[in-house]
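# Fold and contact review
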Amino acid sequence: MSAPPGDAVSRRDRLGLAAAIGALVVVFRPGRSLARRLRPPGALPPAEFERACIRCYRCAEVCPVKAIRFDTSIDPRDSDTPFIVASERACIACMECTHVCPTDALQPIARDLEVISQRVRLGVPVLSKGKCLAWTGKGICRLCYYVCPYPERAVRLVGVRQGPEFSADACIGCGLCEEACPEGAKAIRIDPMGGTA
Amino acid sequence: MATPTVRSTKSAHARARLDVLQPADLRLRHGGRYQWLRRAVLTISWGLVIGVPLLHAATLERASHGLFGVSIARYLPASPAVTTGIVGAPTSLAIGPLELVDPLAAFGVLVAGGGVAAAVILPLLLVMVFGRFFCGWICPYAPIVTVSTALRALLARFGWRQRDVRLPRRSNMVALALLLVLTAAGGSQIALLMYPPAVIGREVWRLVYFGGLGSGAAVLGLCFAFDTFYARAGTCRYLCPGGALFTLLGRWSPFTIVRDRALCTDCTLCDVVCPMMQSPMTDKVDAGCDRCARCVAVCPVKALHVGRRTP
């Protein structure tokens with residue numbers, strides 16, 4: 001090679017290189033994603049999602065409420081993939097993120113309440129009645145009912161105490177109820193299952 | 001360091017030069033419009049990397065403190081990125097209707113068993129025509145390499161000369177192959193976690209939006225240390241999977257560095273200044289050339305120019 005020669009590769013360099021490649025293989029070892037988190041709306045099912053997501057951060061860039069954040073996990077299978085922490089900032093189901101994904105890891109979904117209701121399932125609602133203010137009779141609270149984009153379908157108020165009753169069939173899992181649920185109670189939780197319905 | 005064996009007059013000359021010369025000390029004499037254009041494009045690239053998240057964050061901030069401290073972000077007609085029409089760092093950029101996706105990302109999705117977006121076509125064509133131009137013209141890591149090279153020169157001036165280890169030229173191909181195999185086996189886009197421009201885009205975004213850094217900052221730190229203390233531009237030469245892919249795709253590019261034999265004085269400056277291990281002085285410029293044309297600018301007798309490749 002006629003390019004100006006630099007320093008030669010020493011024995012130590014070779015060992016270092018082998019160690020680096022070994023570390024690379026160990027860190028990037030094949031396997032399923034470990035994350036059990038709410039993915040943004042329209043997300044493909046878990047294994048397919050990590051395969052398609054190129055970690056470009058576009059979904060978060062268009063999110064008007066900064067609900068989408070990114071994994072800092074050292075595990076490269078999850079690293080830099082988007083997720084939502086509903087209790088802190090829930091999805092408002094505007095569907096902007098689904099239209100900017102360059103690899104369709106988030107499938108485009110029309111901004112229409114009926115279409116969203118059919119196709120979006122971030123997770124399923126799980127209510128702990130023992131913590132709920134209405135069900136325990138500690139107070140009159142209807143926050144989950146008021147913030148729900150599908151009142152009377154995803155959540156209904158039942159009984160004398162007007163406690164919430166959730167229906168997993170109609171719930172899109174946006175988590176607005178989880179965000180709204182009062183700090184002391186946090187009775188409703190969206191259990192991640194990921195993917196489109 | 002052991003004295004290398006002398007193979008030819010030219011390479012002996014080159015070796016002698018290398019011991020005294022630091023590439024960063026070489027003045028780009030007459031880069032002219034080409035170099036200024038390149039610097040301008042690199043500046044725009046960094047401007048997008050920093051400016052787009054800043055713009056979006058500022059718009060959101062104003063929206064969320066809009067009315068008596070009450071968030072009105074929820075009632076925005078559309079997100080700031082949609083209203084400004086620009087989304088994404090350089091690896092996946094959308095300006096209005098123009099969609100661009102990095103070919104490395106598309107290949108990663110392809111080997112993992114997914115479909116390839118149509119947005120990759122234009123970048124792919126550009127790479128096939130202009131070769132590895134992304135590395136010298138757009139990649140936000142390129143100015144960082146310039147900083148690292150300058151740091152090497154500075155350290156050498158203080159008597160601490162850094163090594164410039166020559167790994168096999170195909171090292172980056174091995175890195176690309178390894179990462180793609182792991183991508184296919186693991187079903188996760190890991191090549192993009194080792195790809196400096198993508199990492200820079202993400203880390204800047206994270207810093208602007210959430211005020212913190214992720215694991216990518218460590219990757220960047222390692223890359224910079226590798227470049228500074230081990231091999232000049234070592235990340236681009238030996239490790240970057242994107243550079244390797246563009247080298248493969250740019251194989252049929254009609255452009256190269258053309259030398260005027262009558263003018264050339266075999267001074268080796270072009271070979272010394274080249275970050276990509278090309279040798280314009282001996283007419284050995286392959287698809288690894290990142291079109292930075294530093295060799296053209298450094299030539300004291302204007303014997304080089306960027307031109308058409310003659311078969």
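These lines cover the structure that appears in this document, whether it is placed above or below.

## Some points on empty space enclosed by the protein
Residues and elements named next belong to chain A. Taken as a whole and assessed by the stated rule, the structure comprises 12 cavities of 30 Å³ or more. In this model, the largest cavity occupies a volume close to 120 Å³. Along the walls of the largest cavity sit 16 residues, with Cys53, Cys56, Cys59, Pro82 and Cys101 positioned nearest its centre. A class-by-class count of the residues in the lining of the largest cavity yields 12 nonpolar, 1 polar and 3 charged.

## Observations concerning the sheet that holds strand S3 (residues 98–101) of chain B
Residues and elements named next belong to chain B. Strands sit in the order S1-S2-S3 across an open sheet of 3 strands; the sheet is antiparallel. Each edge of the open sheet carries a strand with a single partner, namely strand S1 (86–87) and S3. Direction of pairing for S1 relative to strand S2 (residues 92–95): antiparallel, over a ladder of 2 bridges. Looking at S2, one finds that isoleucine 86 is bridged to isoleucine 95.

## Observations concerning the interface of chain A and chain B
Counting residues at the interface gives 53 residues for chain A and 65 residues for chain B. Here chain A meets chain B over a buried area of about 5,000 Å², counting both sides, of which 60% is carbon and sulfur. Here chain A is connected to chain B by 4 salt bridges. Here Arg202(B) and Asp80(A) are joined by a salt bridge, their closest N and O atoms 3.4 Å apart. Summed over the shared surface of chain A and chain B, the result is 16 residue pairs in polar contact (both at pLDDT 80 or more). Secondary-structure elements contributing two or more residues to the side of chain A that touches chain B are helix H1 (11–27), helix H2 (46–52), helix H3 (58–62), strand S1 (68–70) and helix H8 (176–180) of chain A. When grouped by side-chain class, the residues that make up the side of chain A that touches chain B number 29 nonpolar, 8 polar and 16 charged.

## Considering the packing of helix H7 (residues 142–157) of chain B against helix H10 (residues 215–229) of chain B
Residue and element names in this part refer to chain B. Orientation of H7 relative to H10, taken along the N-to-C sense of each, is 40°, at an axis distance of 8 Å. In terms of their interaxial angle, H7 and H10 are classed as oblique. The way H7 lies across H10 gives a crossing that is right-handed. Counting all contacts with H7, which are made through Ile144, Val145, Val147, Ser148, Leu151, Arg152 and Leu155, the residues of H10 involved are Phe224, Asp227, Thr228 and Phe229.

## Some remarks on the environment of Gly212(B)
All names here are of chain B. Within the element layout of this structure, glycine 212 appears in the loop between helix H9 (196–210) and H10. When the C-alpha atoms of glycine 212 and proline 300 are compared, they prove to be 46 Å apart, with 88 residues separating the residues in sequence. Setting aside anything within four residues of it in sequence, one finds glycine 212 in contact with Arg206 and Leu207.

## Quick word on the environment of Pro53(B)
Residue and element names in this part refer to chain B. By the element assignment, proline 53 lies in helix H2 (residues 32–64). Relative accessible area serves as the criterion here: at 4%, proline 53 is assigned to the buried category. It is 19 Å that separates the C-alpha atoms of proline 53 and proline 97, two residues lying 44 residues apart in sequence. Non-local contacts of proline 53, meaning those with residues more than four positions away in its chain, are made with Leu48, Trp205, Val208 and Tyr209.

## Structural notes on the packing of aromatic side chains
As enumerated under the stated definition, the model contains 13 aromatic pairs over all chains in all. A centroid spacing of 5.1 Å and a plane angle of 80° characterise the contact between Tyr57(A) and Trp205(B), whose relative ring orientation is edge-to-face. Taken as a pair, Tyr57(A) in the loop between H2 and H3 and Trp205(B) in helix H9 lie in two separate chains rather than in one. A residue is classified by how much of its surface remains accessible, and Trp205(B), at 2% relative accessible area, is buried. When the ring of Phe70(A) is compared with that of Trp205(B), the centres are 5.6 Å apart and the planes differ by 90°; the resulting orientation is edge-to-face.

The rules we used
Residues numbered from 1 in each chain as written. Chains lettered and ligands numbered in written order. Predicted model: local features only at pLDDT ≥ 70, side-chain atom pairs only at ≥ 80, totals over all residues. Heavy atoms only, no water. 1 Å grid on protein atoms, 1.4 Å probe; cavity = no way out; pocket = protein on both sides within 12 Å on 5 of 7 lines; lining within 4 Å. Points joined across faces, edges and corners; volume = space filled by probe spheres on them. Nonpolar A, V, L, I, M, F, W, Y, C, P; charged D, E, K, R; others polar. Pairing = 2+ DSSP bridges. Helix = DSSP H or I, 4+ residues; strand = E, 2+ residues; numbered from the N terminus. Contact = heavy atoms within 4.5 Å. Buried area = accessible area lost by both parts, 1.4 Å probe. Salt bridge = Lys/Arg side-chain N within 4 Å of Asp/Glu carboxyl O. Polar contact = N/O pair within 3.5 Å; in protein donor to acceptor, adjacent residues only side chain to side chain. Axes fitted to C-alpha atoms, helices over the stretch in contact; angles between N-to-C directions. Parallel < 35°, antiparallel > 145°, perpendicular 65-115°, else oblique. Left-handed = near helix turned anticlockwise from the far one by under 90°. Buried < 20%, exposed > 50% of the residue type's maximum accessible area, 1.4 Å probe, protein only. Phe/Tyr/Trp six-rings, centres within 6.5 Å; stacked < 30°, edge-to-face > 60°.

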